[in-house]
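What follows is each chain in one-letter form.
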Amino acid sequence: MPIDFKTHEHDVLIVGAGGAGLRAAIESSAAGARTAVLSKSLLGKAHTVMAEGGMAAAMGNVDDRDNWRVHFADTMRGGQYLNNWRMAELHAKEAPERARELEAWGAVFDRTRDGRILQRNFGGHRYPRLAHVGDRTGLEMIRTLQDHGIHQGIDFFMEYTIITLLKDGDRIAGALAYDREWGHFHAFIAKAVVLATGGIGRAFKITSNSWEYTGDGHALAYEAGADLLDMEFVQFHPTGMVWPPSVRGILVTEGVRGEGGRLVNNAGRRFMFDDIPELYRNQVARDADEGWRYVLGDKEANRPPELLTRDHVARCINREVKAGRGSPHGGVFLDIGWIKGNKTLEGRTIDAAYIQKKLPSMYHQFKQLAGVDITAEPMEVGPTTHYVMGGVKVDGDTQMSRVPGLFAAGECAAGLHGANRLGGNSLSDLLVFGKRAGEFAAKYARETKTPAPARDQIDSAINAALEPFGRSAATEGPYQVQYDLQDRMQALVGIVRVESEMAQALDEISRLKERARRCRVEGHRQYNAGWHAAVDLASLLTVSEAVTRAAIERRESRGAQFRDDYPDKSAEFGKFNIVLRKGVDGAMQVIREPLRELPPELKAVVEENK
Amino acid sequence: MPGATLRIWRGDKDGGDFFEYRSDYEDGMVVLDVVHKVQAEQANDLAVRWNCKAGKCGSCSAEINGTPRLMCMTRMDTLPTDRPITVEPMQAFPVIRDLVTDVSWNYRVKRQIKPFAPRKPDAPDGTWRMQQADVERVQEFRKCIECFLCQDVCHVLRDHHKHEEFIGPRFFVYSAALEMHPLDTADRLADLKQAGSIGYCNITKCCTKVCPEHIHITDNAIIPLKERVVDEYYDPLKKLVRLFIPRRAER
Ligand SMILES: Cc1cc2nc3c(=O)[nH]c(=O)nc-3n(C[C@H](O)[C@H](O)[C@H](O)COP(=O)(O)OP(=O)(O)OC[C@H]3O[C@@H](n4cnc5c(N)ncnc54)[C@H](O)[C@@H]3O)c2cc1C
Ligand code: SF4
Ligand code: SF4
Ligand code: FES
């Protein structure tokens, strides 16, 4: 039964209004393309707004030894060399310019003493590299892009959700959306589509991610024939809140550790000193005193072990908790209050007000949600699902997928981060590759004619979306299916993985797919949260399957993937990425794709920074 | 587990009513958690906006027991649970459905305010120099999460519906952030006076009281802006000067 829909026409359609989507839109519009941006939420509310710690860019404002070469080498080391090196190179080279551009558009970063953009320490970055505004950097970034973007002639469609991509033969032809307010359908005809939909964190129970993170872009691209890459690498951030239960998973920024916060177990032991990985041995402080000097900015000192990469810190915390050395609510302690009484390099005595100024939103968050004063008491923290390194496989220079006209940027694209993302490398990723995606999408649009998607794609997508309303006999709503999926993924495909449990997860996912096909939605189409949850379920299930299949295939432990049955890194598995593609029979194919070899000049950069 | 009754307003632009939902809740839960519990267990189609659940995105604004607040930052244990807790949509904006209101007016207002226009870069590499002390004022305003609670509480909008003439506290904060930005060169005083009707604000400070970011909206943004407008328009000498010299040259 054909249902009415409205048609819109643009050159470039951008799905997502986070940092990547907005930056892409600004670029695309500047290149003269008629550009539309759609987002599930209101403008300014995308995940980017929540980023806290900062954006990595080797500007060398605080330590002039920093430059793109060191940033490149840090990113590759953090990613355990599975990264798309071309992206890591472009990212390291272009991030400083993207940061400065934000300033030209009105962003107000914290300042150095000589009036330049201040940079802070973060895990895995050799020098202080993160441009930031207290602990609300993401807000500064999204608001700057939003306030600039609204004057660039871009069409914004807020609270519109894309449910399928449209094609004309092999190439992309636009996308179909519904609006939340009325539940009406809209066909957006476009020559190029940029996916900037963010991550997949809602596939897990404990997560720092919001309801938006259902992996829509990943699933849309997969269904349209693009490849997904590195999906086994899901980042569990070491420090999420663990108490009270209702805030479990909410992020505690790495900035706390960047400012000197230390991790201790219930015996008061600073356990991070007990386990230093080989790859980082030369870069870690020998004792607490050296670590603190590093925090203060002593160039001779090495970083405290709390600032090792996230995968490692998360596993150490997990180990302490499992060994019974955790805090009362199943985490460990993160203590920043101890820095009080110490002196900064400028000779100022650190007091509670200093901590509040450095970490205002953390102070606020703990005070209000947990009743904890972080300047006086330790926080309780534990790992939380945070970020997906995996995503749509794209060309490093243009961000185009293997589907002509389909681009991806930001968290929903893959390549830059390899097996593990360094903190702060996402915000810079959004800008560098958002810009590139916008630029090349506009170029592609200029060089192609307006496509004409076949009508039946639209009708069948609309009918599928409306089906849950008709299932009056069913007993189950979408939320129960979603909870069960999150629970299973957390338990079976979480921080520590084994083959048998993941095989079980695949079984459960196929059963959950059945349940999702039968679940029921009440009421009408207008702003109906239950309906939206039912529609999103399809994406969640697809990405869950992708994560699980890729994780089974990688029989080793590397970066964010830890396999209890294969606890070591394997040289063999360091030679390829894992790609997932929809087969002609509709089943998910798992492909091993050999890495491209590093060119000699980049190999030299890696060596010189070892 | 403790329990509470939520009295949630449900309906749309054609009208609606309060419905009571009884629910238990865990230690430490916030109002948004209980609303979600009701949504998952009793009313799947209940409409509510949220994103971050940590007071960072400004999506979950509503009126709880009559006070404009973020649902995700209002802990259940701060509310009396011996009687029903009312949760209703913001009153200053048209309702879409249940707790969701049409806040698009705010986005239209912002577009009418002159954007940031920086002076020429200070350094040959195209960058600027600003001291921390000089940006702190602006950083306070830039903490705004656009929850629009201040707009909701302001009587000029809420009771007098001056949406066409008055931009409201959020956009005084926004204008102040631009006007006081060390690099900005544009002039927004005429607009603040005419299109923004800053004069309608009679400094009741209700906006400051509800701001979840604790921005001193009245003291730090509105009053200084009012003073600038007064200096510009009611200073007799300046009035005279303006007769002969185009405005832009004065500042
Ligand atoms: C709490 C937290 C703190 C973080 N801190 C940092 C940090 O300090 N530094 C750092 O570098 N990174 C940080 N990150 C990671 C970083 O914030 C994110 O990876 C990044 O913001 C993602 O940006 P994006 O533009 O790719 O997507 P998002 O900002 O998430 O935007 C996604 C957009 O896509 C839209 N969308 C999704 N699906 C659809 C659909 N089907 N139809 C239409 N629209 C859709 C959404 O509505 C949204 O507008 C943090 C993440 C979290 C959660
Ligand atoms: S102080 Fe002014 S802007 Fe704020 S609520 Fe009162 S009248 Fe409105
Ligand atoms: S000024 Fe405060 S109350 Fe007003 S929109 Fe911003 S954060 Fe909300
Ligand atoms: S959900 Fe983001 S402020 Fe409440």
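Residues numbered from 1 in each chain as written. Chains lettered and ligands numbered in written order. Predicted model: local features only at pLDDT ≥ 70, side-chain atom pairs only at ≥ 80, totals over all residues.

**Points about the interface of chain B and chain A**
Stage number 1. Counting from both sides, the interface comprises 47 residues of chain B and, opposite them, 48 residues of chain A.
Stage number 2. Those elements giving two or more residues to the side of chain B that touches chain A turn out to be helix H1 (31–41), strand E6 (95–97), helix H2 (104–112) and helix H3 (132–141) of chain B.
Stage number 3. By residue number, the principal contributor to the side of chain B that touches chain A is H3 of chain B, which donates four residues. (Contact = placed C-beta atoms within 7 Å. Helix = DSSP H or I, 4+ residues; strand = E, 2+ residues; numbered from the N terminus.)

**Structural notes on the domain arrangement of chain B**
Residues and elements named next belong to chain B.
Stage number 1. Partitioning chain B into structural domains gives domain 1 (3–100) and domain 2 (104–250).
Stage number 2. Taking the mean C-alpha position of each, domain 1 and domain 2 sit 32 Å from one another.
Stage number 3. Residue-level contacts link 13 residues of domain 1 with 13 residues of domain 2.
Stage number 4. The element contributing the most residues to the side of domain 1 that touches domain 2 is strand E4 (residues 67–70), with three residues.
Stage number 5. The residue inventory of the side of domain 1 that touches domain 2, partitioned by class, reads seven nonpolar, four polar and two charged. (Domains from an automatic or database assignment. Nonpolar A, V, L, I, M, F, W, Y, C, P; charged D, E, K, R; others polar.)

**Describing the sheet that holds strand E5 (residues 130–131) of chain A**
All names here are of chain A.
Stage number 1. With antiparallel pairing, three strands are arranged side by side in an open sheet as E3-E5-E4. Each end of this open sheet is capped by a strand with a single partner; those strands are strand E3 (55–56) and strand E4 (119–120).
Stage number 2. Strand direction decides the pairing type here: E4 and E5, joined by two bridges, are antiparallel. Counterpart to glutamine 119 in the pairing with E5 is alanine 131. (Pairing = 2+ DSSP bridges.)

**Thoughts on the packing of helix H6 (residues 169–179) of chain B against helix H9 (residues 217–234) of chain B**
Residue and element names in this part refer to chain B.
Stage number 1. Two elements in contact, H6 and H9, have axes separated by 9 Å at closest approach and are oriented at 70 degrees. One way to sum up the angle between H6 and H9 is to call them roughly perpendicular. As for the relative orientation of H6 and H9, their crossing is left-handed in sense. Between H6 and H9, the contacting residues are Pro169, Phe172, Val173, Ser175, Ala176 and Glu179 on the first element and Ile217, Ala221, Ile222, Pro224 and Leu225 on the second.
Stage number 2. Grouping the constituent residues of the contact of H6 with H9 by class yields nine nonpolar, one polar and one charged. (Axes fitted to C-alpha atoms, helices over the stretch in contact; angles between N-to-C directions. Parallel < 35°, antiparallel > 145°, perpendicular 65-115°, else oblique. Left-handed = near helix turned anticlockwise from the far one by under 90°.)

**Quick notes on the confidence of the model for chain B**
Residues and elements named next belong to chain B.
Stage number 1. Counting all residues, the mean pLDDT for chain B is 93, and 94% of those residues have values of 70 or more.
Stage number 2. Note that pLDDT drops below 50 for residues 246–251; the model gives that stretch six contacts with residues more than four away or on any other chain.
Stage number 3. Reported confidences for the modelled complex are a pTM of 0.94 and an ipTM of 0.93. (pLDDT = per-residue confidence, 0-100.)

**Observations concerning the site of ligand 3**
All names here are of chain B.
Stage number 1. Looking at ligand 3, there are 17 residues lining it, with Cys144, Cys147, Cys150, Arg170 and Cys211 nearest.
Stage number 2. Contributions of two or more residues to the shell around ligand 3 are made by helix H4 (149–153) and H6.
Stage number 3. It is H6 that provides the largest number of residues to the shell around ligand 3, a total of three residues.
Stage number 4. Residue composition of the shell around ligand 3, grouped by class: 13 nonpolar, one polar and three charged. (Near = placed C-beta within 6 Å.)

**Examining the sheet that holds strand E14 (residues 379–388) of chain A**
All names here are of chain A.
Stage number 1. Read across the sheet, four strands follow the order E11-E14-E13-E12 without closing on themselves; strand pairing throughout is antiparallel. Every other strand in the sheet has two partners, leaving strand E11 (234–241) and strand E12 (262–264) as the edge strands with one partner each. Each strand axis lies, on average, 45 degrees off the axis of its neighbour in the sheet, ignoring direction.
Stage number 2. The pairing of E11 with E14 spans six bridges and is antiparallel. Note that in E14 the partner of histidine 237 across the bridge is threonine 384.

**Here's the deal with helix H5 (residues 216–223) of chain A**
Stage number 1. Among the eight residues that make up H5 of chain A, seven are buried, leaving the element largely enclosed by the rest of the structure.
Stage number 2. Here H5 of chain A has its buried residues at Asp216, Gly217, His218, Ala219, Leu220, Ala221 and Tyr222 of chain A. (Buried ≥ 20, exposed ≤ 12 C-beta atoms within 10 Å, placed from the backbone.)

**Observations concerning the site of ligand 1**
All names here are of chain A.
Stage number 1. Residues in close proximity to ligand 1 total 43 residues, the closest being Gly16, Gly18, His47, Gly198 and Gly410.
Stage number 2. Mapped onto the shell around ligand 1, the elements with two or more residues apiece are helix H1 (19–30), strand E2 (35–39), helix H4 (137–149), strand E7 (160–168), H5 and helix H11 (425–446).
Stage number 3. The class makeup of the residues in the shell around ligand 1 is 15 nonpolar, 23 polar and five charged.

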